Amino acid sequence: MTLPARERLLEAACKLFYRNGVHATSVEDILDEAMVARQSLYLHFQSKDGLVAEFLKLRDQRWLRSLQAFVDAQAQSPRQSLLALFDFLQSWFEEPGFHGCAFINISAEFSDPGHNFRLIAAQHKQRLADYILTLCIAARLPQPSTQTRYFALLMEGAIATELVTPGSQAAIQARQLAIMLLEAVSPTDRRT
């Protein structure tokens, strides 16, 4: 069954914008990949920028859903949930289509911090931080807001490192640092 034009455009955008970036992907590239007429793009998204915004929103939903499903399936305790964040990253890094974080990448392409794409990227990072905060609270960490920032920073650093240096083992090393962080904030609980 063939997808409707709107979904084909979005799937083409997901593939091409993530792999090549926004500036390097032309409207023609998207139309060819989606096998739709030009008017379909303008009918459903009004412009390339409209398609980029929808791509980012869809990427946000899919990526966070994948992360949460992975953590839920892997972890058997609240602290293991925090460590599973890094296991998820390692699994993601091993995928053949890994091209880093779409939100970091797009922020690098658009330098204006007030640009709509940068705002969508910031919203994604906030949703990720909100999720990490729920894990820190469930793990009963003494300063969950502070630890949330630390775990988010470890994740971001691992993603950027793996993008620049494929095969870096950054997720594994970030996981080791996360264990050290957990031990430092509550050394008596060793159920990680």
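In this report, we go over the structure that sits alongside the text.

So, how was this worked out
Residues numbered from 1 in each chain as written. Predicted model: local features only at pLDDT ≥ 70, side-chain atom pairs only at ≥ 80, totals over all residues. Heavy atoms only, no water. Phe/Tyr/Trp six-rings, centres within 6.5 Å; stacked < 30°, edge-to-face > 60°. Helix = DSSP H or I, 4+ residues; strand = E, 2+ residues; numbered from the N terminus. Buried < 20%, exposed > 50% of the residue type's maximum accessible area, 1.4 Å probe, protein only. Expected span 1.5 Å × (residues − 1). Contact = heavy atoms within 4.5 Å.

Quick look at the packing of aromatic side chains
Here is step 1 of the chain: Across all of its chains, the model carries nine aromatic pairs by this definition.
Here is step 2 of the chain: Aromatic pair Trp63 and Phe88: ring centres 5.4 Å apart, planes at 80°, arrangement edge-to-face. Taken as a pair, Trp63 in helix 4 (residues 48-74) and Phe88 in helix 5 (residues 78-93) lie far apart in primary sequence, 25 residues in all. Here the two residues Trp63 and Phe88 agree in accessibility, since each one is buried.
Here is step 3 of the chain: Each ring, one from Phe86 and one from Phe151, has its centre 6.2 Å from the other, and the planes form 35°; the classification is tilted. Taken as a pair, Phe86 in helix 5 and Phe151 in helix 8 (residues 144-164) lie far apart in primary sequence, 65 residues in all.
Here is step 4 of the chain: Take Phe86: its relative accessible area is 1%, and that puts it in the buried class.
Here is step 5 of the chain: Taking the relative accessible area as the measure of exposure, Phe151 reaches 0% and is therefore buried.

Some points on helix 7 (residues 116-138)
It helps to recall that an α-helix has 3.6 residues per turn; residues three or four apart then point in one direction.
Here is step 1 of the chain: In this model helix 7 runs 33 Å from its N-terminal to its C-terminal C-alpha over 23 residues, within 8% of the 33 Å that 1.5 Å per residue would give.
Here is step 2 of the chain: In the core, the buried residues of helix 7 are packed alongside helix 4, helix 5, helix 6 (102-109) and helix 8.
Here is step 3 of the chain: Immediately beyond the C-terminal end of helix 7, within one or two residues, lies Arg140, with a positive phi of roughly 55°.

Remarks on the environment of Pro113
Here is step 1 of the chain: Tracing the backbone through its elements, the reader meets Pro113 in the loop between helix 6 and helix 7.
Here is step 2 of the chain: Assessed through its relative accessible area of 57%, Pro113 is described here as exposed.
Here is step 3 of the chain: Considered as a pair, Pro113 and Trp92 are 21 residues apart in the sequence and their alpha carbons are 28 Å apart.
Here is step 4 of the chain: Filtering out sequence-adjacent residues up to four positions away, Pro113 remains in contact with Arg118 and Leu119.

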